[in-house]
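Letter by letter, the chains look like this.
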Amino acid sequence: MLHLLNKNLNLQLFFLAVLTGWAGWTIFSQMTILPAEGNMILYQYIANLWVKAPFFVRLCVFGMVVTMTVAVNQHFDSHHFHDNRTYMPGVFLLLLLNCGKFLHTLTPAFLTLFAIALLMILYSPSDHSSRIKERIFTLGLIIAVATMLDISASGLALFLIMLIAINNVTSFKDILILLFGILFPYIYAFSIAFIANSMPTLLNSWRQLDLFEPVKQFTHLRIIDYVAMGWFILLTAILMIRDKRLLDSKLIVIRQAFNNVNMLLFAMFLFLWLGIVPLPTALIYLLLPVSIYMSLAVTSKKQKYVIDLLIVSICVLLWL
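Scoring rules and cut-offs
Residues numbered from 1 in each chain as written. Predicted model: local features only at pLDDT ≥ 70, side-chain atom pairs only at ≥ 80, totals over all residues. Heavy atoms only, no water. Salt bridge = Lys/Arg side-chain N within 4 Å of Asp/Glu carboxyl O. Buried < 20%, exposed > 50% of the residue type's maximum accessible area, 1.4 Å probe, protein only. Helix = DSSP H or I, 4+ residues; strand = E, 2+ residues; numbered from the N terminus. Expected span 1.5 Å × (residues − 1). Axes fitted to C-alpha atoms, helices over the stretch in contact; angles between N-to-C directions. Parallel < 35°, antiparallel > 145°, perpendicular 65-115°, else oblique. Left-handed = near helix turned anticlockwise from the far one by under 90°. Contact = heavy atoms within 4.5 Å. Nonpolar A, V, L, I, M, F, W, Y, C, P; charged D, E, K, R; others polar. Core = buried A, V, L, I, M, F, W, Y, C linked by side-chain atoms within 4.5 Å. 1 Å grid on protein atoms, 1.4 Å probe; cavity = no way out; pocket = protein on both sides within 12 Å on 5 of 7 lines; lining within 4 Å. Points joined across faces, edges and corners; volume = space filled by probe spheres on them. Phe/Tyr/Trp six-rings, centres within 6.5 Å; stacked < 30°, edge-to-face > 60°. Lys NZ or Arg CZ within 6 Å of the ring centre and 35° of its normal.

Draft legend 1. Spotlight on the pattern of salt bridges. Counting across every chain of the model gives three salt bridges. Between D77 and R85 there is a salt bridge, with the nearest N and O atoms lying 3.2 Å from each other. Owing to a relative accessible area of 18%, D77 belongs among the buried residues under this scheme. A salt bridge links D225 to R222; its shortest N-O distance comes to 3.0 Å.

Take a look at the structure:
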């Protein structure tokens, strides 16, 4: 079923439209927001904005969902993971977002997912070196803002440092540029806080952070949550192995791009335990890499019915 869907662009566009409509309906009719207490200071401002202008925030969230869908499709096509054009990454991303009910509550993790999408759009190791340097500083700014919203976004810094170290010849200089880009918004924020005599408020917001929430709540989940998370991790490993075998005959640059996706998954899995977003909602950090794994897996006819069953099963478990 999914293999046939992968071959039909018109049907993919139809499902994209339906799933986008489902996401929009959920955002505008059902979405709530995670309370500001214990969160990063920039997220607290967003929570306050939600109280004053909920429709505007919901509209921005819907725009983020559309941007993430475009980003994952663009990333998949630009790195030539498949010989033919496909919209399956966007289909799978929206399917996971909707089935996993990740759009029922606006959390810092959702904003980090949007930051990951921006990184996918802006960074490509195959770009000209001067262009990469310009973008690395911008990416540092994005990561800094993301960490002011969600401490788990620190995983993006680890991911980019690994990415630069492996893919760039002048990796040390580029890492310094990235770190300066990350540091710059913090210097600006502390300067403004100092001038406005609000430094105690800023520092107090850091002291009140609720860290390691997924770890604290891990023993208080429903049985179905343990099953869904375990199956999600197992399925991700199965798809990763399958995709690696499918790409073994591809060009080195394509295999390297796939390794970059693996590094992103590793970095975000490592740092999702740091933040305030509880499990299984914290699985949202992994959705972009997993949607790419799923899209690659359905390009092959081998064991296609098994892959269909596995993907459908995880969607059902996430829904429950």
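Now that the structure has been shown, we can carry on.
Draft legend 2. View of helix α8 (residues 154-167). If you check α8, its first and last C-alpha atoms are 20 Å apart, about what 14 residues at 1.5 Å a residue would give, namely 20 Å. For α8, every residue scored as buried is listed here: G155, L156, A157, F159, L160, L163 and I164.

Draft legend 3. Just the packing of α8 against helix α9 (residues 171-195), in detail. Following both chains from N to C, one finds α8 and α9 inclined at 160°, their axes separated by 9 Å at the closest point. On the basis of the axis angle, α8 is roughly antiparallel to α9. As α8 packs across α9, the resulting crossing turns out to be right-handed. On α9, the residues touching A157, L160, I161, I164 and A165 of α8 are S171, D174, I175, L178, L179 and I182. Among the residues making up the contact of α8 with α9, the classes are represented as nine nonpolar, one polar and one charged.

Draft legend 4. Spatial organisation of the nonpolar core. Counting 103 residues, the largest nonpolar core has F81, L106, F110, L160, L286 and M294 as its most contacted members. The biggest single contributor to this core is helix α6 (residues 108-122), with ten residues. Those residues in contact with L160 that lie beyond four places of it in its chain are L119, Y123, L139, I143 and L178. Of all hydrophobic cores here, the second largest spans five residues; its members include M40, I151, L209 and F271.

Draft legend 5. Structural view of empty space enclosed by the protein. Applying the stated rule across the entire model yields two cavities of 30 Å³ or more. Around the largest cavity, the lining is made up of 14 residues, and of these H75, M120, Y123, F159 and L163 lie nearest the centre. Only α6, α8 and α13 (252-271) provide two or more residues apiece to the lining of the largest cavity. Here the element with the most residues in the lining of the largest cavity is α13; it accounts for four residues. Here the lining of the largest cavity is built from residues that sort into eleven nonpolar, three polar and no charged. Around the second largest cavity, the lining residues are G38, N39, M40, P108, L149, D150, I151, L209, D210, L211 and I276. Split by residue class, the lining of the second largest cavity holds seven nonpolar, two polar and two charged.

Draft legend 6. Highlighting the packing of aromatic side chains. Under the criterion given, the structure shown has twelve aromatic pairs. Between W22 and W319, the aromatic rings sit 6.1 Å apart at their centres with planes inclined by 55°, giving tilted as the arrangement. One end of the pair, W22, is in helix α2 (residues 9-29); the other, W319, is in helix α15 (residues 304-319), with 297 residues separating them in the sequence. Relative to Y293, the ring of F258 lies with its centre 5.8 Å away and its plane at 65°, an arrangement referred to as edge-to-face. Of this pair, F258 sits in helix α13 while Y293 is found in helix α14 (residues 287-297), placing the two residues 35 residues apart along the sequence. Each member of the pair, F258 as well as Y293, carries the same accessibility label: buried. Three or more aromatic residues link up through ring pairs in this structure, and these residues are F218, Y226, F269 and W273. The ring of W319 has K101 sitting right over it, with the charged end atom 4.7 Å from the ring centre.

Draft legend 7. Highlighting the environment of A117. Within the secondary structure, A117 sits in helix α6. Taking relative accessible area as the criterion, A117 reaches 0% and is therefore assigned buried. C-alpha separation for the pair A117 and M199, spaced 82 residues apart in sequence, amounts to 32 Å. Among all residues touching A117, those that are not within four sequence positions of it are M68, A71 and L288.

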